Amino acid sequence: QEHYWKGMALLGTSLVMDGFLGALQGMLKRPDTRKRQQQPQQRPPTAVETMLYVNAYALVWLFPMAKLSGQWDEGIQLLVLRGHHNNHNPLRWAVLILTLVVSMGQIFIFL
C-alpha cells in the first residue's frame, strides 16, 4: 500500500502521454506545404509504422531498464521457471489476456 501512489503516477503519466501522442501523430502526418526545391517529398508514416517505431523505441529503452533493475529475471522466473506448478497457470492466463487487450487497445490508439 505504501507504493500505491507510484503506480497511480505511472498510470496518469501513461494516459497523458497517450493524449500527447494523438496530437503529435496528427502533426507528424500533416503534409508539408512548404516548397522545397532540392529535398524529395517524404510520405508521412502509416499508423502501423508509427506503432512499430513506438514499440521498438519502448523495447530499446525498457528492456535494459528491466534487466538492470532485476525485474526481467524475476518475471521470467515467476512465469517460466516456477510455472511448472499449477498455481501459476492463472497468472500465465492473466498475463496473456492483458497482453492481448493491450495490443488491441494500441491498435485503437494508433488507427
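This text gives an overview of the structure that appears in the document.

Calculation rules
- Residues numbered from 1 in each chain as written.
- Predicted model: local features only at pLDDT ≥ 70, side-chain atom pairs only at ≥ 80, totals over all residues.
- Heavy atoms only, no water.
- Helix = DSSP H or I, 4+ residues; strand = E, 2+ residues; numbered from the N terminus.
- Buried < 20%, exposed > 50% of the residue type's maximum accessible area, 1.4 Å probe, protein only.
- Contact = heavy atoms within 4.5 Å.
- Phe/Tyr/Trp six-rings, centres within 6.5 Å; stacked < 30°, edge-to-face > 60°.
- Axes fitted to C-alpha atoms, helices over the stretch in contact; angles between N-to-C directions.
- Parallel < 35°, antiparallel > 145°, perpendicular 65-115°, else oblique.
- Nonpolar A, V, L, I, M, F, W, Y, C, P; charged D, E, K, R; others polar.

1. What about the overall build of the protein chain?
Secondary structure summary: the protein chain contains four helices and zero strands in total. Overall, the protein chain shows an N-to-C arrangement of helices and strands of α-α-α-α. The buried share of the protein chain, reckoned over its 111 residues, is 8%. Across the protein chain, the fraction of contacts at a sequence separation of at least 24, relative to all contacts at a separation of at least 6, is 37%.

2. Description of the packing of aromatic side chains
Applying the stated rule across the entire model yields one aromatic pair. Here the aromatic rings of Phe63 and Trp72 are separated by 5.0 Å at their centres, their planes lie at 80 degrees, and the arrangement is edge-to-face. Look at Trp72 and you get partly exposed, because its relative accessible area is 38%.

3. Topic: the packing of helix α2 (residues 47-69) against helix α3 (residues 71-81)
Pairs of packed helices are described in terms of their axes, by the angle between the two and the distance that separates them. Packing of α2 against α3 leaves a shortest axis separation of 5 Å and a crossing angle of 80 degrees. Considered as vectors, α2 and α3 are oriented roughly perpendicular to each other. Only Gln71, Trp72 and Asp73 of α3 make contact with α2, whose side of the interface consists of Phe63, Ala66, Lys67 and Ser69. Grouping the constituent residues of the contact of α2 with α3 by class yields three nonpolar, two polar and two charged.

4. Let's talk about the packing of α3 against helix α4 (residues 89-110)
The geometry of α3 relative to α4 is characterised by a closest axis approach of 9 Å and an angle of 120 degrees between their N-to-C directions. By the angle class used here, α3 and α4 are oblique. Across from Leu78, Leu79 and Val80 in α3, the residues of α4 making contact are Leu91, Arg92 and Val95. Looking at side-chain class alone, the contact of α3 with α4 contains five nonpolar, no polar and one charged residues.

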